[in-house]
Amino acid sequence: MRLESILDLDKKYVAQTYERQPIVLSEGSGIKVKDIEGNEYLDFVAGIATCALGHSHPAVTETISKQAKKLVHVSNLFYNRPQVELAKALAGVTPDSIKKFFFCNSGAEAVEAAFKLAVKHAGRSHIIALEGSFHGRTLATLGATWKKSYREPFKALIPPAFKFVPFDDLDGIKSVINDRTAAVIAEPIQGEGGINVPSENFLSGLRDICDDFKTLLIFDEIQSGMGRTGKWFASEHWNVEPDIMTMAKALGNGFPIGCMGAKSEVMDSFSPGDHASTFGGNPLACTAGKAVVETMKKERLPQHAEEIGRYFKKKLKELAKKHKSVQEVRGRGLMLALELVDEKSARLSVTKAREEGILINRTAKNVLRFVPPLIIEQKHVNQLIKTLDQILKVTS
Ligand SMILES: *Cc1c(COP(=O)(O)O)cnc(C)c1O
């Protein structure tokens, strides 16, 4: 099928909820993807921080093929081995506080589970979220998602439990938190909000305030977790441990899986019947998750992300010095961004990069986001920088 007919079919039969780039991707290997017209791209999007091991990584592809032949799904009415094995593997890499896990199928579901657990454990009804946040598109997670245009049309359905406080503002938290606050939810590094890194004392200050009010601290590591920022989880950069943590995106390297982890005594507030998911934690998804954790460990990908991320950021800073259209370089590890002066130049940069064979993504209007597979090397970074250098010359 040709490009035009696929675009036509999409228009006719698929909900028009995405602003898509006009290419049809059909295969991928490592950090490269190909479209149906045979064009090859360096992929700095990686399914939005998802295909962290690169596309079609044999460790994942082979284990899920094998598992698919054996058993795909049984429901949580029974035990299954991959689920307990993945939980044990995660306990080995998550912050020490996080000991027990609930499995689901997406990021938003993991955050929903976190909210339910927090409210049940604390016996309280309010949740504080930060401006610039993104926690998902389901109704409760929309309540904690900052962007007004996402929330406004559906406000009739959004629970009134949520309050927003400016990002990186401890006084703001203090002015809103009280003994009805079940939890504060924060991305240790904000993703969709434009790759916002908090100042040095923010997360530890947040931890202290939560402790003072016996409020639970939820870290949403769906985007920043799984090695992306140079540590297994971004909160480790500041040595702050949450009570509840959410994961998804890179956990299955593209196979759908979400997970909510918590301190044992917090997770034990859930009793049978309090929460459930038909597909959650099925053998196939958990096999993918386990292969990801093992491969990341074996290939030391968090360390690699730290090293190559440092080089990448240095190169982005050089670009920023050279081009007036760049306002700021942000991020850690391989969760990096260039903020440009306006939305127009950001849009144009995404298009031009694609025409030059590099996929990048734009978020928060004027921010170019780089969340490539963690296996990238200097030569890939150099190729992107060279392309951006040419593009920014023209767009600025
Ligand atoms: C992507 C994302 C989500 C939502 O995940 P979905 O799988 O799309 O539901 C939630 N929180 C953060 C920080 C994310 O980046």
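Quick notes on the rules
Residues numbered from 1 in each chain as written. Predicted model: local features only at pLDDT ≥ 70, side-chain atom pairs only at ≥ 80, totals over all residues. Heavy atoms only, no water. UniProt positions renumbered as here; feature names shortened; annotations may be inferred. Pairing = 2+ DSSP bridges. Helix = DSSP H or I, 4+ residues; strand = E, 2+ residues; numbered from the N terminus. Axes fitted to C-alpha atoms, helices over the stretch in contact; angles between N-to-C directions. Contact = heavy atoms within 4.5 Å. Near = heavy atom within 4 Å. Polar contact = N/O pair within 3.5 Å; in protein donor to acceptor, adjacent residues only side chain to side chain. Areas by Shrake-Rupley, 256 points an atom, 1.4 Å probe, with all protein chains shown as cover. Nonpolar A, V, L, I, M, F, W, Y, C, P; charged D, E, K, R; others polar.

Looking at an unreviewed UniProt entry, one finds the protein chain named Acetylornithine aminotransferase, with candidate division MSBL1 archaeon SCGC-AAA385D11 as its source organism. Quoted verbatim from the Sequence similarities (unreviewed entry) field of UniProt, the annotation for the protein chain is "Belongs to the class-III pyridoxal-phosphate-dependent aminotransferase family. ArgD subfamily." Listed in UniProt under the heading Pathway (unreviewed entry), the comment for the protein chain reads: "Amino-acid biosynthesis; L-arginine biosynthesis; N(2)-acetyl-L-ornithine from L-glutamate: step 4/4."

### Remarks on the sheet that holds strand β14 (residues 361-363)
One open sheet accounts for four strands, arranged β11-β12-β15-β14; its pairing is antiparallel. The open sheet has two edge strands with one neighbour each: β11 (326-332) and β14. Neighbour-to-neighbour, the strand axes of this sheet turn through a mean angle of 25°, independent of strand direction. Across the sheet, helix α12 (residues 301-322) touches β11, β12 (335-340) and β15 (367-370), and the angle it forms with β11 is around 170°.

### Considering the site of the ligand
Near the ligand you find Ser 106, Gly 107, Ala 108, Phe 134, His 135, Gly 136, Glu 187, Asp 220, Ile 222, Gln 223 and Lys 249, and these make up its full shell. One nitrogen or oxygen atom from the side chain of Gln 223 is found 2.8 Å from an oxygen atom belonging to the ligand. Contact with the protein chains hides 80% of the accessible area of the ligand, taken as 380 Å² for the molecule alone. Looking at side-chain class alone, the shell around the ligand contains three nonpolar, five polar and three charged residues.

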